[in-house]
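Descriptive analysis of the structure
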Amino acid sequence: MNVKACIFDLDGVIVDTAVYHFKSWKRLADELGINFTEHDNERLKGVSRMRSLEIILEIGNVTKTEAEQQELAARKNTWYTEMISKMKPEEVLPGAREFLELVRNAGIKTALGSASKNSGIILEKTNLTKYFDVIIDGNHVTKAKPDPEVFLKGAEAVQAQPTDCVVFEDAIAGIEAGLAGGMKVVGIGKPEILNKANLVVSGLDKMDLNKLNTL
Ligand code: B16
Ligand code: MG
């Protein structure tokens with residue numbers, strides 16, 4: 001295909017913020033007396049903040065009112081943003097910066113398509129903002145992945161047809177979202193888990209223009 005735009009998920013593709021999400025959700029779960037493990041944390045990847053909280057409350061069999069849930073999510077986000085405000089450019093995942101440079105030099109547009117409402121600060125702290133033509137994140141969408149809204153908005157913003165776009169995703173829901181949007185999808189992770197993707201690589205350090213154009 002003749003790729004016009006690449007749309008990147010953030011957590012798990014460009015940076016590993018899952019470790020900070022885990023630390024802050026763990027702190028909240030401890031306060032609530034809920035046993036929340038690293039294994040459980042896998043279920044939160046690519047999922048919105050409020051849905052993440054629901055999953056944790058389900059694990060602990062704990063019920064909270066809507067107002068209480070808002071307060072708990074806000075508390076978690078305060079701890080989380082304290083941690084990500086200390087992120088460094090060295091935390092960018094292997095090959096991510098280089099691949100962004102490569103596609104941009106090839107005249108391909110770049111967009112971010114993330115569920116996070118904190119993507120701005122993460123990109124700023126890791127010195128990545130300049131590599132994106134467009135940033136679409138949790139602040140711009142009403143429907144969570146696997147709904148394709150976040151990727152369709154990204155494609156529209158860079159004036160590319162969905163069929164000319166390639167999405168890079170580490171979460172199953174994100175892969176489904178890209179495919180539902182009519183885009184090609186590269187899974188970042190394990191082929192046995194991400195088997196719906198058109199191609200799976202272990203990281204952006206394993207991507208090149210050849211692989212991109214043969215999608
Ligand atoms: P925030 P992605 C997602 O990022 C994370 O994978 C997920 O664990 C998190 O709950 C979600 O962002 C919302 O993040 O609380 O910062 O708005 O993979 O879509 O880039
Ligand atoms: Mg992700």
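Located above this text is the structure these notes cover.
These numbers were taken from a predicted model, which means no experiment stands behind them.

The rules we used
- Residues numbered from 1 in each chain as written.
- Chains lettered and ligands numbered in written order.
- Predicted model: local features only at pLDDT ≥ 70, side-chain atom pairs only at ≥ 80, totals over all residues.
- Heavy atoms only, no water.
- Near = heavy atom within 4 Å.
- Polar contact = N/O pair within 3.5 Å; in protein donor to acceptor, adjacent residues only side chain to side chain.
- Areas by Shrake-Rupley, 256 points an atom, 1.4 Å probe, with all protein chains shown as cover.
- Nonpolar A, V, L, I, M, F, W, Y, C, P; charged D, E, K, R; others polar.
- Donors = N, O, S within 2.8 Å, 3.2 Å for Na, K, Ca; no water.
- Helix = DSSP H or I, 4+ residues; strand = E, 2+ residues; numbered from the N terminus.
- Buried < 20%, exposed > 50% of the residue type's maximum accessible area, 1.4 Å probe, protein only.
- Pairing = 2+ DSSP bridges.
- Right-handed = clockwise from strand over helix to strand, strands pointing away.
- Arc of directions from axis to C-beta.
- Contact = heavy atoms within 4.5 Å.
- Phe/Tyr/Trp six-rings, centres within 6.5 Å; stacked < 30°, edge-to-face > 60°.
- Axes fitted to C-alpha atoms, helices over the stretch in contact; angles between N-to-C directions.
- Parallel < 35°, antiparallel > 145°, perpendicular 65-115°, else oblique.
- Left-handed = near helix turned anticlockwise from the far one by under 90°.

**Overview of the site of ligand 1**
Neighbouring residues of ligand 1: 18 residues in total, closest Val 47, Ala 115, Ser 116, Lys 117 and Asn 118. At 3.4 Å from an oxygen atom of ligand 1 is found a side-chain nitrogen or oxygen belonging to Ser 52. Note that an oxygen atom of ligand 1 is positioned 3.4 Å from one of the side-chain N or O atoms of Lys 145. Look at ligand 1: alone it shows 470 Å² of surface, and the protein chains cover 98% of it. Looking at the shell around ligand 1, its residues break down into five nonpolar, seven polar and six charged.

**Brief notes about the coordination of the magnesium ion (ligand 2)**
The coordination sphere of the magnesium ion (ligand 2), as far as protein atoms go, consists of Asp 9 (OD), Asp 11 (O) and Asp 170 (OD), spread over 2.0 to 2.2 Å. Read in sequence order, the donor residues for the magnesium ion (ligand 2) give the motif D-x1-D-x158-D. Within this pair, whereas Asp 11 is found in the loop between β1 (5-8) and α1 (18-32), its partner Asp 170 is found in the loop between β4 (165-169) and α8 (172-180), the two being separated by 159 residues in sequence. Each member of the pair, Asp 11 as well as Asp 170, carries the same accessibility label: buried.

**Considering the pairing of strand β5 (residues 184-188)**
Most of β5 is tucked away: four of the five residues are buried. The pairing of β4 with β5 spans four bridges and is parallel. Along β5, the bridge assignment pairs Glu 169 with Gly 187. In this fold, β4 hands off to α8, which returns the chain to β5; that crossover is right-handed.

**Side note on helix α5 (residues 96-105)**
All of the buried residues in α5 are Ala 96, Arg 97, Phe 99, Leu 100 and Val 103. Buried residues of α5, seen end-on, are gathered within an arc of 165 degrees and therefore sit on one face of the element. For α5, the elements touching its buried residues are β1, β2 (109-113), β4 and α9 (209-213). In the segment just after α5, Gly 107 is the residue with positive phi, at about 80 degrees.

**So, the packing of aromatic side chains**
Scanning all chains against the criterion turns up five aromatic pairs. With 6.2 Å between their ring centres and 85 degrees between their planes, Phe 8 and Phe 132 make a pair best called edge-to-face. With a gap of 124 residues between them, Phe 8 in strand β1 and Phe 132 in the loop between α6 (119-125) and β3 (134-136) connect regions that are remote in the sequence. We classify Phe 8 as buried; its relative accessible area is 0%. Aromatic side chains Phe 8 and Phe 168 sit 4.9 Å apart centroid to centroid with 10 degrees between the ring planes, which places their arrangement in the stacked category.

**Things to note about the packing of α1 against helix α3 (residues 49-60)**
Between α1 and α3, the shortest axis-to-axis distance is 11 Å and the interhelical angle comes to 40 degrees. Looking at the two axes, α1 sits oblique to α3. Seen along the crossing, α1 lies across α3 with a hand that is right-handed. Contact residues: Trp 25, Leu 28, Ala 29 and Leu 32 in α1; Arg 49, Ser 52, Leu 53, Ile 56 and Leu 57 in α3. Looking at the contact of α1 with α3 residue by residue, the classes come out as seven nonpolar, one polar and one charged.

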